[in-house]
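Chain by chain, the residues run as shown.
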Amino acid sequence: MDDPDWPDFIDVYTGIFTYFGDNKKPGFALHDTHRRGNKLLQSCFAMLHTASDQRAKIPPFLVFTKGDKGRDVIFRGLAVPGGEADPADDLVAIWRSKKGERFQNYRANFTIPDTGTVSREWIDALRAGEPLHSPAPRAWRTWIETGAYEPLRAEPTIEYRTKEEQLPASGRDESLVRCIYDYFKDNPHGFEHCAARLAGLMDPNIHIETITRPSVDGGRDAIGIYRVGPLADRISLDFALEAKCYAPENGVGVKELSRLISRLRHRQFGILVTTSFLCHQAYQELRSDRHPVVVIAGADIAAIIVKAGMGTSETVREWLIAEFPTEAR
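Because the structure is a prediction, the values reported are computed rather than measured.

Chemist: Please provide a residue-by-residue account of the sheet that holds strand 7 (residues 206-211), values included.
Modeler: One open sheet holds the five strands; their spatial order is 7-8-9-10-11, and the pairing between them is mixed. Single-partner strands in this sheet number two, and they are strand 7 and strand 11 (293-296). If you compare each strand with its neighbour and ignore which way they point, the axes differ by 25 degrees on average. Here five bridges tie strand 7 to strand 8 (residues 222-228), and the two strands are oriented antiparallel to one another. Within the sheet, the bridge partner assigned to Ile206 lies in strand 8 and is Tyr226. Taken strand by strand, helix 8 (residues 254-263) contacts strand 9 (235-244), strand 10 (269-274) and strand 11, and its axis lies near 155 degrees from that of strand 9. Strands in contact with helix 10 (residues 298-307) are strand 10 and strand 11; relative to strand 11, the strand with the most contacts, it is inclined by about 75 degrees.

Here it is, written out as structure tokens:
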């Protein structure tokens, strides 16, 4: 999870682990002999939606991330290929370019099942060729036998987030959000288009219909619909979006939030997108009064663009220029 160009990502709320393959530079084919990791992904995902005897041939994946010191590592869980969402998204070959050369790499979705711990006894059984030996974690065994996923989900313990929890972490995440702020700080209306795009990247069911004109926005910078339901019988929920391109030290207050809430119509919900944070009082009132408003703060923006594959300020800058060229500096 330390490669800014290929940002692996664990969504602790859903238990989904997004992992990028090993063809990270131009000059090689997707399944080149030098890219053993991609070949392993291809073979494992090919056996995914098959009978249990085929799934049993898929090796368990143990996910580690780097620790704070030296060679320290942190165990993040056992992972199995695929997830509960669309199987078409399980393993996708995506195109990237570097120094004018195009190449492909895999983006794979794994699920971290609710396994608790992984015992040394089971690892010994794996090495002995007995993956379904009695110490096998229950959720993993269930997946092998039935194909059913039991993700490890970690719901938040509080109803509203602190300023520190809303702001991006120092270092990479902070620089990514700063890049967006610097690009639009002199043109807040331009940020409205970016905020709408960020909302769509967060959830593909979000569709922006109109970006309102600055002089007549009526407290709503954009209007859109959220599609939900089976493909054959979907319904659309209306929403209004408000965008605030604020410096990290300037939070969105009660006045700005009230402006959005007051403009919400019957059966509408709101989306607030800001490069900073929602102030404590405003956030507390928002949740205690149960207003249907989604808050996308600076930390969320960083997570969205990292998950979209933009892990450096350079790639974010390139994306901004390509998507919003009239704002190019």
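Chemist: So what's going on with unusual backbone geometry? Which residues, and what values?
Modeler: Positive phi is not limited to glycine here, since Arg267 has a value of about 65 degrees. With respect to the helices and strands, the residue Arg267 is situated in the loop between helix 8 and strand 10. Positive phi, normally seen in glycine, also occurs at Arg290, with a value near 55 degrees. As for its position among the elements, Arg290 is in the loop between helix 9 (280-288) and strand 11. Looking at Arg290, the relative accessible area reads 69%, which means it is exposed.

Chemist: Let's hear about the confidence of the model for the chain: which residues, and what values?
Modeler: With 95% of its residues at a pLDDT of 70 or more, the chain shows a mean pLDDT of 88. Averaged pLDDT values over the elements of the chain bottom out at 81 in helix 2 (residues 52-55) and peak at 96 in strand 11.

Chemist: Residues and numbers for the pattern of salt bridges, please.
Modeler: Pairing between side chains of opposite charge can happen when the charged atoms of each approach one another. If you walk through the whole model with that rule in mind, you get nine salt bridges. Across the pair Asp300 and Arg161 runs a salt bridge, and its minimum N-O distance is 2.8 Å. Highlighted residues: Asp300 in helix 10 and Arg161 in the loop between helix 4 (138-146) and helix 5 (163-166), separated in sequence by 139 residues. The partner of Glu242 in a salt bridge is Lys244, with the nearest N and O atoms 3.2 Å apart. Judged by its relative accessible area of 1%, Glu242 is buried. One network of salt bridges, with partners in common, ties together Arg178, Asp182 and Lys185.

Chemist: Tell me about a nonpolar patch on the surface, and please be specific about residues and values.
Modeler: A cluster of nonpolar residues, Leu62, Phe64, Val73 and Phe75, forms a patch on the protein surface that exposes about 360 Å² of accessible area. Within the residue set of the nonpolar patch, elements represented by two or more residues are strand 3 (61-66) and strand 4 (73-81). Mapped onto the fold, Phe64 is located in strand 3.

Chemist: Explain the packing of aromatic side chains to me, using residue names and the numbers behind them.
Modeler: Counted under the stated rule, the structure contains 17 aromatic pairs. Between the aromatic rings of Phe184 and Phe324, the centroid separation amounts to 5.7 Å while the plane-to-plane angle is 75 degrees, which identifies the pairing as edge-to-face. Of this pair, Phe184 sits in helix 6 (residues 172-184) while Phe324 is found in the segment after helix 11 (313-323), placing the two residues 140 residues apart along the sequence. Assigned by exposure class, Phe184 and Phe324 land together as buried.

Chemist: Lay out the packing of helix 6 against helix 10 in plain terms, naming residues and giving numbers.
Modeler: Packing of helix 6 against helix 10 brings their axes to within 9 Å, and their N-to-C directions diverge by 95 degrees. What the angle tells us is that helix 6 and helix 10 run roughly perpendicular. Contact residues: helix 6 offers Arg172, Asp173, Leu176, Val177 and Ile180, while helix 10 offers Gly298, Ile301, Ala302, Ile305 and Val306. Residue classes in the contact of helix 6 with helix 10 are distributed as seven nonpolar, one polar and two charged.

Chemist: Which residues make up the layout of surface pockets, and what values go with them?
Modeler: In this structure, the second largest pocket spans a volume of roughly 570 Å³. Considering the residues around the second largest pocket, the lining is formed by 21 residues, among which Arg96, Ser97, Gly309, Thr315 and Glu318 are closest to the centre. When residues of the lining of the second largest pocket are traced back to their parent elements, those giving at least two are strand 5 (91-98), helix 7 (188-202) and helix 11. Top contributing element to the lining of the second largest pocket by residue count: helix 11, with six residues.

Chemist: Describe in detail the nonpolar core, supporting the description with residues and values.
Modeler: Judged by nonpolar contacts, the single largest core of 33 residues is most densely connected at Ile180, Phe184, Phe191, Cys194, Leu241, Val273 and Leu320. For this core, the secondary structure elements donating two or more residues are helix 6, helix 7, strand 9, strand 10, helix 10 and helix 11. Considering every element that reaches this core, the biggest residue donor is helix 6, with seven residues. One finds Phe17, Tyr106, Phe110 and Trp143 within the second-largest nonpolar core, a separate group that totals 26 residues.

Criteria and thresholds
Residues numbered from 1 in each chain as written. Predicted model: local features only at pLDDT ≥ 70, side-chain atom pairs only at ≥ 80, totals over all residues. Heavy atoms only, no water. Pairing = 2+ DSSP bridges. Helix = DSSP H or I, 4+ residues; strand = E, 2+ residues; numbered from the N terminus. Axes fitted to C-alpha atoms, helices over the stretch in contact; angles between N-to-C directions. Contact = heavy atoms within 4.5 Å. Buried < 20%, exposed > 50% of the residue type's maximum accessible area, 1.4 Å probe, protein only. pLDDT = per-residue confidence, 0-100. Salt bridge = Lys/Arg side-chain N within 4 Å of Asp/Glu carboxyl O. Patch = residues over 30% accessible without salt bridge, like charges linked within 9 Å, V, L, I, M, F, W, Y side chains within 5 Å. Areas by Shrake-Rupley, 256 points an atom, 1.4 Å probe, with all protein chains shown as cover. Phe/Tyr/Trp six-rings, centres within 6.5 Å; stacked < 30°, edge-to-face > 60°. Parallel < 35°, antiparallel > 145°, perpendicular 65-115°, else oblique. Nonpolar A, V, L, I, M, F, W, Y, C, P; charged D, E, K, R; others polar. 1 Å grid on protein atoms, 1.4 Å probe; cavity = no way out; pocket = protein on both sides within 12 Å on 5 of 7 lines; lining within 4 Å. Points joined across faces, edges and corners; volume = space filled by probe spheres on them. Core = buried A, V, L, I, M, F, W, Y, C linked by side-chain atoms within 4.5 Å.

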